[in-house]
Amino acid sequence: MKFRIAVGLLVVVSLFVLTGAAEASRQAPLVEFENQTWVRADGISLSLENVKIAIHLGLQDKGWSVEKWTDGGLTAKIVVRGKHTVFVTIPYSTEHFSLYYKDSDNMLYKEKEDGTKVIHRNYNRWAKQLVNAIRNRLITFEPE
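> Please set out the overall build of the protein residue by residue, giving values where relevant.
Within the protein one finds three helices and eight strands. Walking the protein from its N terminus toward its C terminus, one meets helices and strands in the order α-β-β-α-β-β-β-β-β-β-α. Of all 144 residues assigned to the protein, the portion counted as buried reaches 35%. Within the protein, residue pairs in contact and separated by at least 24 positions form 54% of the contacts whose partners lie at least 6 positions apart. As displayed, the protein has an accessible area near 9000 Å², and 54% of this comes from carbon and sulfur atoms.

Below, the structure is given as structure tokens:
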């Protein structure tokens, strides 16, 4: 009887260890995209309103939606496969923009004891794709 209990406990502990290892393999250090700049080949400077429009178009290109606009920034959201939700903040000016993680659901986000922030490894790819889409819209935007 004691042997069965010990084996059962060993199985349960092993499952917890394996689950933790599987979760850790899906995590990566969170990357923040600070002060992203762009250079237009035509040398035209965009107004703050044009920057806002270009960022909005970049969000739409990658399936993100605007949750809230503020002066000089916004909060955006994406839901992937109805399972993963991510919120980011994007402050911007006529010279640069940044993309910062704000919150998420089902993305394995955690701040470790040493202060390192980790998240599901797909987050960094989605964020980088969004940064590239925004930059592309900024360099190709046709001001009126």
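Picking up where we left off.
> Can you break down unusual backbone geometry residue by residue, with the values?
If you check the backbone angles, N35 has positive phi at about 50° while not being a glycine. Take N35: it is sitting in strand β2 (residues 33-37). A positive phi angle is found at L108, which is not glycine, with a value near 60°. Checked against the element boundaries, L108 lands in the loop between β6 (96-105) and β7 (110-111).

> Can you break down the side chain of T75 residue by residue, with the values?
Examined against the element boundaries, T75 turns out to sit in strand β4 (residues 73-80). Non-local contacts of T75, meaning those with residues more than four positions away in its chain, are made with S65, V66, E67, K68, V88, T89 and K102.

> Please provide a residue-by-residue account of a positive patch on the surface, values included.
On the surface, a cluster of positive charge is made up of R26, R81, K83, R121 and R125. Among the structural elements, R121 can be located in helix α3 (residues 121-140).

> Can you break down the packing of aromatic side chains residue by residue, with the values?
In this description, an aromatic ring pair is defined by two values, namely the gap between the centres and the angle between the planes. Across all of its chains, the model carries three aromatic pairs by this definition. Ring centres of W38 and F97 lie 6.2 Å apart, and the angle between their planes is 35°; on these two criteria the pair is classed as tilted. Placement of W38 in the loop between β2 and α2 (48-61) and of F97 in strand β6 is noted, with a sequence separation of 59 residues between them. Three or more aromatic residues joined by ring pairs form one cluster here, namely Y101, Y109 and Y123. Directly above the aromatic system of W69 lies the positively charged group of K52, at a separation of 4.7 Å from the ring centroid.

> Help me get a handle on the nonpolar core, residues and values and all.
Membership of the largest hydrophobic core comes to 30 residues, with the highest contact counts inside it found for I90, F97, L99 and Y123. Mapped by element, the contributors of at least two residues to this core are α2, β4, β5 (84-91), β6 and α3. With seven residues, α3 is the single largest residue contributor to this core. Discounting chain neighbours no more than four positions away, the residues touching L99 are E32, F33, V88, T89, I90, Y123, A127, L130 and V131.

> Before we move on, can you summarise the pairing of β5 with the specific residues and values?
Along a regular strand, successive side chains alternate from one face of the sheet to the other. The buried count for β5 comes to six of eight residues, which makes it a mostly enclosed element. Pairing analysis gives eight bridges linking β4 to β5, with the strands arranged antiparallel. Bridge pairing in β5 links K77 to F87. Two successive antiparallel strands, β4 and β5, enclose a turn made up of three residues, where R81 displays a positive phi of approximately 55°. If you look at the hairpin formed by β5 and β6, you'll find four residues sitting between the two strands.

Definitions and cut-offs
- Residues numbered from 1 in each chain as written.
- Predicted model: local features only at pLDDT ≥ 70, side-chain atom pairs only at ≥ 80, totals over all residues.
- Heavy atoms only, no water.
- Helix = DSSP H or I, 4+ residues; strand = E, 2+ residues; numbered from the N terminus.
- Buried < 20%, exposed > 50% of the residue type's maximum accessible area, 1.4 Å probe, protein only.
- Contact = heavy atoms within 4.5 Å.
- Areas by Shrake-Rupley, 256 points an atom, 1.4 Å probe, with all protein chains shown as cover.
- Patch = residues over 30% accessible without salt bridge, like charges linked within 9 Å, V, L, I, M, F, W, Y side chains within 5 Å.
- Salt bridge = Lys/Arg side-chain N within 4 Å of Asp/Glu carboxyl O.
- Lys, Arg positive; Asp, Glu negative; His and termini not counted.
- Charge placed at Lys NZ, Arg CZ, Asp CG, Glu CD.
- Phe/Tyr/Trp six-rings, centres within 6.5 Å; stacked < 30°, edge-to-face > 60°.
- Lys NZ or Arg CZ within 6 Å of the ring centre and 35° of its normal.
- Core = buried A, V, L, I, M, F, W, Y, C linked by side-chain atoms within 4.5 Å.
- Pairing = 2+ DSSP bridges.

That is the geometry; function is a separate question.
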